[in-house]
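Residue-level structural notes
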Amino acid sequence: MGDDAEVLPLVFGFARVPALPCGEDAAEQLMARRVRQGRPERFDARIGDRAARGFDWTDGVDSILSWFVDLDGGALVEISLAMHPSAGRTGDSVRALAKPLLARVRWV
């Protein structure tokens, strides 16, 4: 590592979200259960070559970014990144750090 390297306490997670009945948005429902007060900040993004819906939220301790990607066949995949407040980063700066990593994702 060079002198300008930075180590951040980040945790990535990947999950396949179960399908919901037609017309229901699984990502919105999942986030509504997680964020009990108020609403998470929503943003649009790209993960690899796919559009993603993003949410910037907290579980009361960590700052969390969650991206949801609709895949063929009705599957919904969630990619989350959690960061402890000791990192001193905002959601926007973490999104900027994650963007080049997420751009490299290849869906097969």
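Scroll up to find the structure.
The structure reproduced in this document is the subject of the present report. (Residues numbered from 1 in each chain as written. Predicted model: local features only at pLDDT ≥ 70, side-chain atom pairs only at ≥ 80, totals over all residues. Heavy atoms only, no water.)

Side note on the overall build of the protein chain
Assigned secondary structure in the protein chain consists of 2 helices and 5 strands. Put simply, the protein chain runs from its N terminus to its C terminus through helices and strands in the order β-α-β-β-β-β-α. Counting over 108 residues, the protein chain shows a buried share of 36%. Within the structure as shown, the protein chain displays about 7100 Å² of accessible surface, and the carbon and sulfur contribution to it stands at 53%. (Helix = DSSP H or I, 4+ residues; strand = E, 2+ residues; numbered from the N terminus. Buried < 20%, exposed > 50% of the residue type's maximum accessible area, 1.4 Å probe, protein only. Areas by Shrake-Rupley, 256 points an atom, 1.4 Å probe, with all protein chains shown as cover.)

Topic: the pairing of strand β2 (residues 41-47)
Looking at chain direction, β2 and strand β3 (residues 50-58) are connected through 7 bridges and run antiparallel. For Glu-41, the partnering residue across the bridge sits in β3 and is Asp-56. (Pairing = 2+ DSSP bridges.)

Section: helix α1 (residues 26-34)
Of the positions making up α1, those classed as buried are Ala-26, Ala-27, Leu-30 and Met-31. End-on view of α1: buried residues confined to an arc of 125 degrees, all on one side of the axis. (Arc of directions from axis to C-beta.)

Here we look at the pattern of salt bridges
Summed over the entire model, instances satisfying the criterion amount to 5 salt bridges. Put simply, Arg-53 and Asp-70 hold a salt bridge, and the shortest N to O gap is 3.4 Å. Here Arg-53 is found in strand β3, whereas its partner Asp-70 is found in strand β4 (residues 63-70), with 17 residues between them in sequence. Residue class for Arg-53 comes out partly exposed when judged on its relative accessible area of 23%. Residue Asp-70 is classed as partly exposed on the basis of its relative accessible area, which comes to 47%. Beyond isolated ion pairs, a larger network of salt bridges with shared partners links Glu-41, Asp-56 and Arg-95. (Salt bridge = Lys/Arg side-chain N within 4 Å of Asp/Glu carboxyl O.)

A closer look at the environment of Asp-44
With respect to the secondary-structure elements, Asp-44 resides in strand β2. Once the C-alpha coordinates of Asp-44 and Phe-55 are considered, the two residues, 11 residues apart in sequence, prove to be 8.7 Å apart.

Re the nonpolar core
Counting residues in each nonpolar core, the largest one holds 15 residues, and the members touching the most others are Ile-47, Trp-67, Ile-79 and Leu-102. Only β2, β4, β5 (76-83) and α2 (91-103) provide two or more residues apiece to this core. The element contributing the most residues to this core is β5, with 4 residues. Counting residues in each nonpolar core, the second largest holds 12 residues, with Ala-26, Leu-30, Met-31 and Phe-55 among its members. (Core = buried A, V, L, I, M, F, W, Y, C linked by side-chain atoms within 4.5 Å.)

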